[in-house]
Amino acid sequence: MNKRTSETLWISFFIAPALIIVCVIIILPLFMSLFNSLFLWDQLIRQNFVGFQNFKKIFFTEPYHTRFANAMGNNLRWLVLTMIVQNVGGLFIGYFLSRRIWGHEFYKRIIFIPVLFSIVAVSFLWSLYLRPNGLVNAFLKLIGLPQFMRPWLGDESIATYSIIFVNIWRWIGFPSLVFLAAIDNVPMDCLEAACLDGASDTRVFFKVILPLIVPSIVIITVLTIIGSLNVFEQIYTMAGLDGSPNFSTDTIGTLFYRTAFGSVDSGKPEIGIGSAIGVIIYLLTFVVSLISIVTLGKKEVEL
Amino acid sequence: MKKARWFLILTIGIFLVFPLAAQRTELSFWTWRTEDVEKYEKLLQSFEKQNPGITVKVTGIKNTEYNTVLSAALSGGSGPDVFMSRSYGGLETFAQSGFMESLEKWVPELKNFDKVAMKGAISVKDGKIYGVPFATQTLFVFYNKKIYKELGLKVPETWDEFLANCAVAKKAGYQALANGGKDGWYLEVMMGAICPNFYGSNDFFDAVVAGKTTFQDSRFVSAINRLKELTPYMPDMYMGVSYTDMQSAFINETAAQFIGGSFEAGYFSSQNPQLEFDIFPGPTVKKGEPHYVSVYADGNFSMNATSKHKEAAAKLLRFFAGKETGEFFIHDLQQVSTVPGVDTSASPYISKVLALQKYSTPYIFLVGFRYNQPTGSTLIQSALQGFMAGKIDAAEVCRQVQEGIATYYEPFRKK
């Protein structure tokens, strides 16, 4: 055996376990769901091949069409609000922490702590706080604003926003820390040069710092897109599988689960349609992430 | 030499293991009542004593994940021998996927069971029996006896008396009703307890199932409208009040009444043994009319069609269809057992529920319309949430339900 072959063998030997796990747990189910989505299902048994019928149903037939559009709309809300509030907020927090404001070490830890909490525990606690007689309403009453008291998770018009807010509260520490690290890595000489040229703080931020941290912005954006399309646990724990009240918190994640497995109180699973929704989620995540990587990547600046 | 020694050890090993394996059969039994696993184990000790050589291993799986876990196990061929199964549409899924053994020849006791209860265990597609029904549930109103006595209230018969009671309780500072709207399924329960007396119970049920009328029938629309009259007596910001909030309000005696199902009683008394409660059926328009209550079969015990121990599993199912299990349900679980001929006199609550069942009507969406998606239950639950929050009116609720069901329900499509 020559050196080259033995090297290849060793490398394959080390890669194989991880590769097998990825194939069995990620790639195989992906193709299985693609395969399943092309068939008609009767209860839990696969029937005839129907091509893209299931997909057609989701896009054009009632009631699938309404439910899917409604869920997609909510995913879009998640994406837009998370982008604007969480990521922009995180960018500013990261910036101020990097300016070494008073007590920044303390804030850094405080802001990051919720990221470490279990998603289910956070959702459960916040659903207690957001009850009609929970902490949030009690606080509003205390500070003399009882007119703003709401059934936060029970009102169709605000339930989704309440859940998004809780998730932002939980996760804002993550972009903050990523941006802080990125800003700290901006070379001192660039900043010094800008200062010597008489640039104001705002100008330095927008013209020097921002272009130099584009790689982090790309990563955070892609993660936000993936996260917003896949959101499930928060809804499941705070509003239930049915996207209650009246489907106002439904996302494609909960819609997928409900359709594929059927919820406890409502019966018949539709595995074909569920798999088709799963495939759509996958394609959307893939395509949108790809677009954002390509377009944002062009804005990257090299020193 | 070495080989011979190995051979000897192997033979002795086989002889030691085989006789044991031949005598013992271990059955696996799955339930979604994780809180009752210990009670079941106690019950099954008696079964094991009566059937030497058979042991039963009880596994509890969380209610909300039960269907998913069970279907994965059954399609993978590793399912339990005997398992709890849901009724009606939930039974259909497993029965028509070929995972359930039909029980006519295995459990002859089923002939004596009540027809209403059996309906939840029979597949609508092939008419075969796939389960031993274990309990029925009834929907009605719970009231706190102490609060009623303190306020000098009488059990209401008519709708107006009911609303008057609510007003008195509210004025006295109690939550007149514990019910909230955050969990859609409980709004359906509320509908099931209140509406049958207004939509014409069985007449309407039979007509709508046959497609002779629709959910947009004025009787049904006006019945839904009645629910709106209860909102002044529901808790503040009731749309945010969840199922657990409701239960704790009634258990802590801050709420005078609780519109709910017979399945609550066990939990109420275990959480607050001092709580004195009683029940009354949904009120009617006029005095002297029969009070109808919605009734449904809760679930069944079913046999895995691919079980390796069918004989033993049948023995277990026959035990589940017997009086000992019936008594266990009434005394240990406070559930209305479906086993015929069980003495209920020891439990006044169960006797009362059975008395209410004299005028029973099927729990409409569960019994009639949970066989396809979108199920009637999904539709009514979300529409009622919109209705109770004041976003849509009763006519719109009925339109959404009707059109949703009409996408697949043949009798509605001919119209």
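Since the model is a prediction, treat every value here as computed from it, not as a measurement.

A short note on the overall build of chain A
- Within chain A, the secondary structure is distributed over 14 helices and two strands.
- Seen through its C-alpha atoms, chain A measures out along the principal axes to roughly 80 × 75 × 30 Å.
- Every one of the 303 residues in chain A was classed for burial, and the buried ones make up 43%.
- Considering only contacts within chain A whose residues lie at least 6 apart along the sequence, 67% involve residues at least 24 apart.

A closer look at the overall build of chain B
- Counting its secondary structure elements, chain B contains 20 helices and 10 strands.
- Expected size for 415 residues packed as a compact globule is a radius of gyration near 22 Å; at 24 Å, chain B falls within 12% of this value.
- With the C-alpha coordinates aligned to their principal axes, the bounding extent of chain B is approximately 95 × 55 × 40 Å.
- Counting every position in chain B, which comprises 415 residues, the buried fraction comes to 58%.
- At a minimum sequence separation of 6, the contacts of chain B that also span at least 24 residues come to 75%.
- A total of about 17800 Å² of accessible surface is found on chain B, and carbon and sulfur atoms cover 54% of it.
- Taking the 43 positively charged and 41 negatively charged side chains of chain B as two groups, their mean positions are separated by 5 Å.

Notes on the packing of aromatic side chains
- Under the criterion given, the structure shown has 71 aromatic pairs over all chains.
- Aromatic pair Phe 142 of chain B and Phe 250 of chain B: ring centres 6.3 Å apart, planes at 55°, arrangement tilted. Remark: Phe 250 of chain B occurs in helix H12 (residues 243–251) and Phe 142 of chain B occurs in strand E4 (residues 132–144); sequence separation between them is 108 residues. No difference in accessibility class separates Phe 142 of chain B from Phe 250 of chain B, as the two residues are buried.
- When the ring of Trp 185 of chain B is compared with that of Tyr 243 of chain B, the centres are 4.9 Å apart and the planes differ by 70°; the resulting orientation is edge-to-face. Within this pair, whereas Trp 185 of chain B is found in helix H8 (residues 184–194), its partner Tyr 243 of chain B is found in helix H12, the two being separated by 58 residues in sequence.
- We classify Trp 185 of chain B as partly exposed; its relative accessible area is 25%.
- The class for Tyr 243 of chain B is buried, based on a relative accessible area of 18%.
- The ring centre of Phe 247 of chain A lies 3.7 Å from the NZ or CZ of Arg 67 of chain A, which sits over that ring.

Thoughts on the interface of chain B and chain A
- Taken residue by residue, the interface counts 36 residues in chain B and 38 residues in chain A.
- Contact with chain A buries surface across chain B, with Lys 182, Met 237 and Gln 373 of chain B losing the most and accounting together for 23% of the total.
- Here chain B and chain A share two salt bridges between them.
- One salt bridge connects Asp 155 of chain A with Lys 391 of chain B, and the closest N-O pair in it is separated by 3.8 Å.
- Put simply, chain B and chain A have five residue pairs in polar contact (both at pLDDT 80 or more) between them.
- It is helix H18 (residues 376–388) of chain B that contributes the most residues to the side of chain B that touches chain A, seven residues altogether.
- Classifying every residue of the side of chain B that touches chain A by side-chain character gives nine nonpolar, 18 polar and nine charged.

Focus on a nonpolar patch on the surface
All names here are of chain A.
- Taken together, the side chains of Val 88, Phe 92, Phe 96, Ile 101, Phe 106, Tyr 107, Ile 110, Ile 113, Leu 116, Phe 117, Phe 165 and Trp 169 present a nonpolar region at the surface, about 1100 Å² in accessible area.
- Those elements that place two or more of their residues in the nonpolar patch are helix H3 (64–98), helix H4 (104–116) and helix H7 (159–171).
- Its location among the elements puts Ile 101 in the loop between H3 and H4.

Remarks on the pairing of strand E1 (residues 25–31) of chain B
Residue and element names in this part refer to chain B.
- Taken across its seven residues, E1 has five buried, putting it largely inside the fold.
- Handedness of the crossover joining E1 and strand E2 (residues 54–60) through helix H2 (residues 37–50) is recorded here as right-handed.
- Sheet topology note: the E1/strand E3 (residues 82–86) ladder contains two bridges and is parallel. Looking at E3, one finds that Phe 29 is bridged to Val 82.

Overview of the packing of H4 of chain A against helix H8 (residues 173–184) of chain A
Residue and element names in this part refer to chain A.
- With their axes 8 Å apart at the nearest point, H4 and H8 run at an angle of 130° to one another. Judged by the angle between their axes, H4 and H8 are oblique. Note on element contacts: H8 touches H4 through Gly 173, Phe 174, Ser 176, Leu 177 and Leu 180, opposite Lys 108, Ile 111, Phe 112 and Val 115.
- Taken together, the residues of the contact of H4 with H8 break down into six nonpolar, two polar and one charged.

Some points on helix H5 (residues 119–129) of chain A
Residue and element names in this part refer to chain A.
- Regarding H5, the residues found buried are Ile 119, Val 122, Ser 123, Trp 126 and Ser 127. Looking straight down H5, one finds its buried side chains confined to an arc of 125°; they lie on one side.
- At its buried positions, H5 is contacted by helix H6 (135–142), H7 and helix H12 (233–238).
- Regarding H5, its N-cap is Ser 118, as a side-chain oxygen of that residue lies 3.2 Å from the backbone nitrogen of Val 120 further along.

Notes on the pairing of E4 of chain B
Residues and elements named next belong to chain B.
- Taken across its 13 residues, E4 has 13 buried, putting it largely inside the fold.
- Relative to strand E8 (residues 293–303), E4 runs antiparallel, the two sharing six bridges. The partner of Pro 133 across the bridge, within E8, is Asn 300.
- Bridge count for E4 against strand E9 (residues 336–337) is two bridges, and the pairing is antiparallel. Across the sheet, the residue bridging to Ala 135 is Ser 337, located in E9.
- Where E4 meets strand E6 (residues 255–261), five bridges bridge the pair, whose relative direction is antiparallel. When the bridges of E6 are listed, Phe 142 appears paired with Phe 258.
- As paired strands, E4 and strand E7 (residues 277–280) are joined by four bridges and run antiparallel to one another. Across the sheet, Phe 142 pairs through a bridge with Ile 279, a residue of E7.

Considering the packing of helix H1 (residues 3–36) of chain A against helix H14 (residues 271–297) of chain A
All names here are of chain A.
- Remark: H1 packs on H14, axes separated minimally by 8 Å, with the N-to-C direction vectors making an angle of 130°. Classified by the interaxial angle, the pair formed by H1 and H14 is oblique. Pair H1 / H14 crosses with left-handed handedness. Packed against H1, whose contacting residues are Leu 30, Ser 33, Leu 34 and Asn 36, the element H14 presents Gly 272, Ser 275, Val 279 and Tyr 282 at the interface.

Remarks on the side chain of Ser 244 of chain A
- Turning to its location among the elements, Ser 244 of chain A is positioned in the loop between H12 and helix H13 (252–261).
- A distance of 2.8 Å separates a polar side-chain atom of Ser 244 of chain A from the backbone oxygen of Lys 182 of chain B.
- At 3.0 Å, the side chain of Ser 244 of chain A and the side chain of Gln 385 of chain B are in polar contact.
- Among all residues touching Ser 244 of chain A, those that are not within four sequence positions of it are Ala 239 and Thr 249 of chain A together with Lys 182 and Gln 385 of chain B.

Observations concerning the side chain of Asn 304 of chain B
Residues and elements named next belong to chain B.
- In this fold, Asn 304 is placed in the loop between E8 and helix H14 (310–320).
- We classify Asn 304 as buried; its relative accessible area is 4%.
- Side-chain polar atoms of Asn 304 contact the backbone nitrogen of Thr 306, separated by 2.9 Å.
- In contact with Asn 304, other than residues within four places in its own chain, are Leu 74, Gly 79, Pro 80, Asp 81, Phe 83, Phe 99, Glu 101 and Lys 310.

The rules we used
- Within each chain, residues carry numbers counting from 1 in the order of the written sequence.
- Chain labels run from A onward and ligand labels from 1 onward, assigned in the order the entries are written.
- In view of the model being predicted, local features appear only for residues whose pLDDT reaches at least 70, and side-chain atom pairs are presented and counted only at 80 or more, with totals across whole chains, interfaces and linings using the full set of residues.
- Hydrogen atoms and water are omitted, and side-chain values are computed over all heavy atoms in the structure.
- The numbering of helices and of strands both runs from the N terminus, where a helix is a DSSP run of H or I of at least 4 residues and a strand a run of E of at least 2.
- Relative accessibility thresholds used throughout: buried, under 20% of the residue-type maximum; exposed, over 50%; partly exposed, between the two (1.4 Å probe, protein chains only).
- Whether two residues touch is decided by their heavy atoms; if any such pair falls within 4.5 Å, the residues are in contact.
- We compute the radius of gyration over the C-alpha atoms and compare it with the globule rule, which gives 2.2 Å times the number of residues raised to the power 0.38.
- Each accessible area is a Shrake-Rupley result for a 1.4 Å probe, and residues are judged covered by the shown protein chains and nothing else.
- Neither His nor the chain termini are counted; the positive set is Lys and Arg, and the negative set is Asp and Glu.
- Charge positions come from single atoms, namely NZ of Lys, CZ of Arg, CG of Asp or CD of Glu.
- Between 30 and 60 degrees the pair is tilted, below 30 it is stacked and above 60 it is edge-to-face, where a pair is any two Phe, Tyr or Trp rings, Trp via its six-membered ring, whose centres lie within 6.5 Å.
- Consider the ring centre and the ring normal. A charge sits over the ring if Lys NZ or Arg CZ is within 6 Å of that centre and within 35 degrees of that normal.
- When two parts are put together, the accessible area they lose, computed with a 1.4 Å probe and summed over both, is reported as buried area.
- Salt bridges are counted wherever a side-chain nitrogen of Lys or Arg sits within 4 Å of a carboxyl oxygen of Asp or Glu.
- Polar contact criterion, stated in full: a pair of N or O atoms within 3.5 Å, where within protein one must be able to donate a hydrogen and the other to accept it, and residues adjacent in sequence count only if both atoms are side-chain atoms.
- Just so you know the grouping, Ala, Val, Leu, Ile, Met, Phe, Trp, Tyr, Cys and Pro go in nonpolar, Asp, Glu, Lys and Arg go in charged, and all remaining residues, Gly too, go in polar.
- Exposure above 30% relative accessible area and the absence of a salt bridge qualify a residue for a patch, where like charges join within 9 Å and nonpolar side chains (Val, Leu, Ile, Met, Phe, Trp, Tyr) within 5 Å.
- When the strands point away from the viewer and the path from the first strand over the helix to the second turns clockwise, the crossover is right-handed.
- When DSSP finds two or more bridges between a pair of strands, those strands are recorded as paired.
- All axes are obtained by fitting lines to C-alpha atoms, using only the stretch in contact for helices, and the reported angles, taken between N-to-C directions, cover 0 to 180 degrees.
- By definition in this entry, angles of less than 35 degrees are roughly parallel, angles greater than 145 are roughly antiparallel, angles of 65 to 115 are roughly perpendicular, and the rest are oblique.
- Note: the arc covers the axis-to-C-beta directions of the helix.
- Crossings are assigned a handedness: left-handed for a near helix turned anticlockwise from the far helix by less than a right angle, right-handed for a clockwise turn.

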